[in-house]
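Structure at a glance
Listed below, chain by chain, are the residues.
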Amino acid sequence: MKDYDTLVSIIVPVYGTEAYLSACIESICNQTYKNLQIILVDDQSPDRCPQICDKYAEKDERIIVIHQNNKGVSGARNTGMMYAIGNYTMFVDSDDELFPKAVEILLQDINEYDADIVWAPQRTIDKNTIRTNNSVEGEYKVFRGNSSLLCSLEGKANTNAVWGKIFRTEFIKGISFEEGKNINEDGFFMFQCYVKNPVLIQHNIMLYKYNNRINSCSRQSFSDKYYSMIYFCNRKKEIIADMYPQ
């Protein structure tokens, strides 16, 4: 699919990923689908990331760079959403990469199924290991009503990350990331999507390269990570109790 009238906004929060950032940006710029708005949010990164962002913006007019005081990944993504003008929105972490046809395939899926969200599994790259999932390659699953919410609460598949997915921008209006919480924040964002009972498609095709770094936010200390998990579990419980008192 190459309907270049449809604009896709890709939001990249940038902090402390100098060794990975160029590969990330290039993987987005080199997508087979070209009508992109690429939003790089420099969250006061202490390394050369700000200069790398500016360098790529000079070379590609689709890129806009926002330099802001540090707000954490949640604040950076929220800033990106304020600038996003595309019909569809994607999130890419600045130490990860998209496969070349990622946008084209996800956009085709979301239009074919008239979906609100499409997700594809990631290929996880550890230091010396590549891990993939065990689903059937090319398989589609369709979630309607509250089935995506139930799947999320059961912790199945890659339901709780915002990367590896495309969203209908109109569908996620009014949903934001909770600033000050930078671990499990994307799981709560996705939860807020699922309670809206989206039409969600799972397409088992590898489109997202996830670099599993030891010092990434998701690998923080016990207290940081698990207190945040407890906080968001309580938030989910409150919402579920209100929506489904039975």
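All values reported here derive from a predicted model rather than from experimental measurement.

A separate point is the overall build of the protein chain. Secondary structure summary: the protein chain contains eight helices and twelve strands in total. Pairs at least 24 apart in sequence give 84% of the contacts found in the protein chain among residues at least 6 apart. Entry remark: accessible area of the protein chain is about 11,700 Å², with carbon and sulfur atoms responsible for 49%.

Glancing now at the sheet that holds strand β11 (residues 200-203). Pairing is mixed in the open sheet, where eight strands are placed in the order β3-β2-β1-β4-β10-β6-β11-β9. On the outer flanks of this sheet lie β3 (63-67) and β9 (140-143), each paired with one strand and no other. This sheet shows a mean twist of 20 degrees between the axes of neighbouring strands, independent of strand direction. Packed onto the sheet, helix α4 (residues 102-112) meets β1 (8-14), β2 (36-42), β4 (88-91), β6 (117-119), β9, β10 (165-168) and β11 and runs at close to 45 degrees relative to β10. Packing of helix α7 (residues 185-194) onto the sheet brings it into contact with β4, β6, β10 and β11, and relative to β10 it is tilted by some 45 degrees.

Glancing now at the environment of leucine 153. Following the sequence through the fold, leucine 153 ends up in helix α5 (residues 147-153). For the pair leucine 153 and cysteine 233, spaced 80 residues apart in sequence, the C-alpha separation works out to 9.7 Å. Excluding its chain neighbours within four sequence positions, the residues that come into contact with leucine 153 are Phe191 and Ile240.

The two faces of the sheet receive side chains in turn, since in a regular strand these alternate between them. Summarising the sheet, β4 and β10 pair through three bridges and their orientation is antiparallel. Counted as the bridge partner of methionine 90 is isoleucine 166 from β10. Bridge analysis of β6 against β10 gives three bridges, and the strand direction is antiparallel. Directly across from isoleucine 117, in β10, lies its bridge partner phenylalanine 167.

Before going further, it helps to spend a moment on helix α2 (residues 49-59). Of the positions making up α2, those classed as buried are Cys49, Pro50, Ile52, Cys53 and Tyr56. Buried residues of α2, seen end-on, are gathered within an arc of 165 degrees and therefore sit on one face of the element. Seen from the open side of α2, the exposed residues pointing more than 90 degrees away from its buried face are Glu58 and Lys59. The inward-facing, buried residues of α2 contact β1, α1 (18-29), β2 and β3.

Among the seven residues that make up β2, seven are buried, leaving the element largely enclosed by the rest of the structure. Here β2 shows a buried face lined by Leu36, Ile38, Leu40 and Asp42 and a second buried face lined by Gln37, Ile39 and Val41. Sheet analysis places β2 next to β3, joined by five bridges and oriented parallel. Looking at the pairing, isoleucine 38 lines up with isoleucine 63 of β3.

Another aspect to go through is the nonpolar core. Val8, Ile10, Ile28, Leu98 and Ile166 are the most contacted members of the largest nonpolar core, which totals 40 residues. Elements supplying a minimum of two residues to this core: β1, α1, β2, α2, β4, α4 and β12 (208-211). If we skip the residues at most four places from it in the chain, isoleucine 10 touches Ile28, Leu36, Gln37, Ile38, Ile39, Met90, Val92, Leu98 and Val103. Of all hydrophobic cores here, the second largest spans 27 residues; its members include Ile39, Val162, Ile175 and Met190.

Definitions and cut-offs
Residues numbered from 1 in each chain as written. Predicted model: local features only at pLDDT ≥ 70, side-chain atom pairs only at ≥ 80, totals over all residues. Heavy atoms only, no water. Helix = DSSP H or I, 4+ residues; strand = E, 2+ residues; numbered from the N terminus. Contact = heavy atoms within 4.5 Å. Areas by Shrake-Rupley, 256 points an atom, 1.4 Å probe, with all protein chains shown as cover. Pairing = 2+ DSSP bridges. Axes fitted to C-alpha atoms, helices over the stretch in contact; angles between N-to-C directions. Buried < 20%, exposed > 50% of the residue type's maximum accessible area, 1.4 Å probe, protein only. Arc of directions from axis to C-beta. Core = buried A, V, L, I, M, F, W, Y, C linked by side-chain atoms within 4.5 Å.

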